[in-house]
Every structure is written in structure tokens, then in C-alpha cells.
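Examining the three-dimensional arrangement
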Amino acid sequence: MKALRFHAAKDLRIEDIDAVPAPGPGQVVIRNRFVGICGTDLHEYAYGPIFIPSAPHPFTKAMLPQVLCHEFGGVVTAVGAGVAHVQVGDRVSVQPLIMPRAGDYFADRGLFHLSENLALAGLSWISGGMAEAALLNDYNVVKIPDAMRDEEAALVEPTAVAVYACDRGQVSAGHSVLITGAGPIGMLTLLAAKAFGATKLFLSDLNDTRLELARGILPEVITLNPKRDDIGAVIRAQTEGGVGCDVALECVGNEKALQSCLDAVRKQGTIVQVGLHPGNSAINWHNETFKDVDIRGSWAYPTHLWPRVIDLIASGAIPAMKVVTKKIRLDEAVTQGFDVLLDPVGTQLKILIDLG
């Protein structure tokens, strides 16, 4: 079958590889339909291997070369013994986290996403989204409703990141919320915060093209560019009592963005760190203490979120398709996908690859 595999930084190859094996007990094979290019995939392409193991992964034994991409969905073509929740012909969204199901401190507590042995389809597993088919565990596939588009199945994974971030921030009706970063995760977090009931939404980014895209997606969003705007001052001036926003969600992984969140959030507000920082980042810890602020991490998502996120997208509560700006074919993945998304001009937001 045809697949795009990561060999090294700036070395992605479209290759003919062996078809996936028949599913064993508790396994499922799907024909992949749509796959999204994630920020993690871009970092692997530009600087990797980062999460892709160069030596066999301790749990899955996967290693280079790796079929890329973990945001995908497809159609079930075969099921192994003991699989009862899906059948051949079902359309599914892929929950890509792979880990021990028991005998692990976090797995035993249902916190599968925190497992020390965590692997991901598309990063450290036999299969990924950028291939004609994938072999997965039964817990990796969740049936989608008839009304849900195939494209939307590939958007469940990044939307789950956004929903969990809002959960961690306890975003609720009437809240004022700042999101830093107008990339796909920032945009989906913006839409999730709106779905959670936030009534005043701020979005900051250095890229005016991305901010323009955001206003097209959610016209009421207040967009800010830290090159021109004092983020904290603007937000204090537009929130009740001039105290700042209730919640700030940092979706970049950038020190200055985190500093902006601390400046903009009110006393006893909450900051959620969603983006992965590449190194140590400084903030004003005096202000963190003085303002009595909570700072929380938000790593991936609990795996049980999938049905909830599917419902949020299928119902229209989170119109995730609004972040899709382009669809391409697998043969175009590098030149029209990865390279375009790494362009600092930022004309594209979420690119989906059509494997149909």
C-alpha cells in the first residue's frame, strides 16, 4: 500500500510498503479516509525525530521509519476476535493513544493519557494516518454518526485537545477567555470556549493573516497582535471591573505568550498551558503569587472524551470544519501540505489529506 513515512528531518517519503496485517484479537483494520497535518507532525518534519523513536519503543516496539499523522478517521474493513463495538463498514474516528490497559499506575486509574508507556498511532506505532490503511486496537476506534462528515472524523483528535483545555480551565457560561495562538489548536480552543458558554473571547497572535482568518471563523472574537497591542491592558479595559479575563489558554508554547496570559488574567483566574514549550520559560512568579492565579497543564486528553467530542462536532456546537482551509492528496502532502504550513506567512490553517 502507499504511505508517507518519516525517515529523518526534512526526509518524508511516499513509499509502497507492506499492507497492514490481519487484525489479531482486540484489533481492527480501517481504510483511512481523511487525515490532518498536526503541529506535532510539522515539528517532526522540521526538527525530528522528537517523539518518533529512533530505537524500539518500550511498549509498541515501533521505530523509524514511521507512517506519520495521528488525526484521522476511516472505514472498518476487518475486525479481530472479541471486537464487538464496531463492525465492517462502520465509519470511525481514531483515538490515537496506545498504552497498557492495566498493570500501569495511571492505566489502572483510567488515566491512560498519562501512562509512562504512552505511544501514538502515527508517531510510535505500526500504523498512522498517512497510509491507505491502518491496524489499530479496538479502543482506538469510535463509530461516528451517519450525519457526521468523513472530514470531521479527522478533526475529533485536535478538537479533543481543545475541549480538554477548556475542561482544565473550567471555562463556563459568562466567562471572559483569552487564547494565545491562532493556529489550528488555538482556533479550535476558541470554538470550544464559545461552545462552553464564554461570552467575551480574545485571541492574540503575531500573524495578522491568522487573525483575519479567526475573524472570519468567529466574527465576535476580539483579535490582538502583541506587536501593536498591550494584551493585558486591552483585556482589562474590556472586562468587568477592569480586572482581566477569567481564563487564559496558552496554545503556542511560547514564553512571551505565557507572560501575556499572566498579565491578562484576573486575580484568582486560571491559566492553562496547552502548547508545548521547547525549553524553560520565565514568568513573573511574584505576580503569579500576588494574583493568586492557578497555572495548569493540559496534556492531550482523557481517552473517554471521544464520544463527547464527536457529539459536540456532529451537533454543530463546535463547527470544527471552519478551521479547514485546504484539502490535498497524499502525493501532494510534502509540497502542498507540510511546506505550506511551515511558511511563516501563515495563509493556511488546517490542511486535510484526502485518502479516498
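The present account deals with the structure reproduced in this document.

Parameters at a glance
Residues numbered from 1 in each chain as written. Predicted model: local features only at pLDDT ≥ 70, side-chain atom pairs only at ≥ 80, totals over all residues. Heavy atoms only, no water. Pairing = 2+ DSSP bridges. Helix = DSSP H or I, 4+ residues; strand = E, 2+ residues; numbered from the N terminus. Axes fitted to C-alpha atoms, helices over the stretch in contact; angles between N-to-C directions. Contact = heavy atoms within 4.5 Å. Buried < 20%, exposed > 50% of the residue type's maximum accessible area, 1.4 Å probe, protein only. Phe/Tyr/Trp six-rings, centres within 6.5 Å; stacked < 30°, edge-to-face > 60°. Lys NZ or Arg CZ within 6 Å of the ring centre and 35° of its normal. Patch = residues over 30% accessible without salt bridge, like charges linked within 9 Å, V, L, I, M, F, W, Y side chains within 5 Å. Areas by Shrake-Rupley, 256 points an atom, 1.4 Å probe, with all protein chains shown as cover. Salt bridge = Lys/Arg side-chain N within 4 Å of Asp/Glu carboxyl O. Parallel < 35°, antiparallel > 145°, perpendicular 65-115°, else oblique. Nonpolar A, V, L, I, M, F, W, Y, C, P; charged D, E, K, R; others polar. Right-handed = clockwise from strand over helix to strand, strands pointing away. Polar contact = N/O pair within 3.5 Å; in protein donor to acceptor, adjacent residues only side chain to side chain.

Next up on the list: the sheet that holds strand E13 (residues 222–224). As summarised here, the arrangement of the 6 strands in space is E13-E12-E11-E14-E15-E16, forming an open sheet in which the pairing is parallel. The two strands at the open ends of the sheet, each matched to only one other strand, are E13 and strand E16 (294–297). Strand-to-strand, the axes of this sheet are offset by a mean angle of 20°, without reference to chain direction. Judged from the 5 bridges that link them, strand E11 (residues 176–180) and strand E12 (residues 200–204) form a sheet pairing that is parallel. Residue pairing in the sheet places Thr180 in a bridge with Ser204 of E12. With respect to the sheet, helix H3 (residues 156–169) is in contact with strand E14 (245–250), strand E15 (265–273) and E16, its orientation differing from that of E15 by roughly 150°.

Below, the discussion takes up unusual backbone geometry. Excluding glycine, most residues fall at negative phi; most peptide bonds, likewise, are trans. For the peptide bond that leads from Gly48 to Pro49, omega is 5°, which places it in the cis range. Mapped onto the secondary structure, Pro49 falls in the loop between helix H1 (39–47) and strand E4 (66–67). The residue after Leu64, namely Pro65, is reached through a cis peptide bond having omega -10°. Here the phi dihedral of Ala300 falls at roughly 55°; this positive angle occurs in a residue that is not glycine. You can see Ala300 is positioned in the loop between E16 and helix H9 (306–314). Overall, Ala300 belongs to the buried group, its relative accessible area being 15%.

Next up on the list: the packing of aromatic side chains. Scanning the model with the defined rule gives 3 aromatic pairs in all. Against the face of Phe112 rests Arg101, its NZ or CZ located 4.0 Å from the ring centre.

This paragraph deals with a nonpolar patch on the surface. The grouping of Tyr47, Ile50, Phe51, Leu111, Leu114, Leu276 and Trp299 at the surface amounts to a nonpolar patch, some 700 Å² of accessible area in total. Inspection of the secondary structure assignment puts Leu111 in the loop between strand E7 (97–98) and strand E8 (119–120). A residue is classified by how much of its surface remains accessible, and Leu111, at 34% relative accessible area, is partly exposed.

With that settled, the discussion passes to the packing of H1 against helix H10 (residues 333–342). Two quantities define a packed helix pair, namely the angle between the axes and the distance from one axis to the other. For the pair H1 and H10, interaxial distance at closest approach is 10 Å and the crossing angle is 95°. Here H10 runs roughly perpendicular to H1, going by the angle between their axes. Listed contacts from H10 to Asp41, Leu42, Tyr45 and Ala46 of H1 are Val334, Phe338, Asp339, Leu341 and Leu342. Here the contact of H1 with H10 is built from residues that sort into 7 nonpolar, no polar and 2 charged.

Let us look at the environment of Glu332. Tracing the sequence through the fold places Glu332 in the loop between strand E17 (324–329) and H10. The exposure class assigned to Glu332 is partly exposed, which follows from its relative accessible area of 33%. For the pair formed by Glu332 and Ile14, sequence separation is 318 residues and the distance between their alpha carbons is 9.7 Å.

Let's shift gears to the sheet that holds strand E1 (residues 2–8). Judged by pairing direction, the sheet is antiparallel, and its 3 strands sit side by side in the order E2-E1-E4 without closing on themselves. Two strands lie at the open edges of the sheet, namely strand E2 (11–16) and E4, each paired on one side alone. In this sheet, E4 lies alongside E1 in antiparallel orientation, the contact comprising 2 bridges. Residue pairing across strands places Phe6 opposite Gln66, the latter belonging to E4.

Where E14 lies against E15, 5 bridges are found, and the strand directions are parallel. Along E15, the bridge assignment pairs Leu249 with Val272. Following the chain from E14 across helix H7 (residues 255–264) to the adjacent parallel E15, one finds a crossover that is right-handed. The pairing of E15 with E16 spans 4 bridges and is parallel. Paired with Ile271 across the strands is Ile295, a residue of E16.

Before going further, it helps to spend a moment on the packing of H3 against H9. Viewed as axis vectors pointing N to C, H3 and H9 meet at an angle of 100°, and their least axial separation amounts to 10 Å. The angle between H3 and H9 falls in the class roughly perpendicular. In contact with Val156, Glu157, Thr159, Ala160, Val163 and Asp167 of H3, H9 contributes Trp306, Arg308, Val309, Ile310, Leu312 and Ile313. Split by residue class, the contact of H3 with H9 holds 8 nonpolar, 1 polar and 3 charged.

One pass over the full model with this rule turns up 17 salt bridges. Asp167 is paired through a salt bridge with Arg308; the nearest N and O atoms lie 2.8 Å apart. Placement of the pair is Asp167 in helix H3 and Arg308 in helix H9, with a sequence separation of 141 residues. Among the residues examined, Arg308 registers a relative accessible area of 35% and is labelled partly exposed.

All right, on to the pairing of E14 then. In terms of burial, E14 is largely enclosed, as 6 of its 6 residues are buried. Bridge analysis of E11 against E14 gives 4 bridges, and the strand direction is parallel. In the strand pairing of E14, Leu178 is matched with Ala248.

Along the chain, Asn32 turns up in strand E3 (residues 27–36). A distance of 3.3 Å separates a polar side-chain atom of Asn32 from the backbone oxygen of Gly128. A distance of 2.8 Å separates a polar atom in the side chain of Asn32 from the backbone oxygen of Ala131. Setting aside residues up to four positions removed in sequence, Asn32 forms contacts with Phe72, Gly73, Gly74, Gly128, Gly129, Ala131, Glu132, Ala133, Ala134 and Leu355.

Interpretation in functional terms is not warranted from these geometric data alone.
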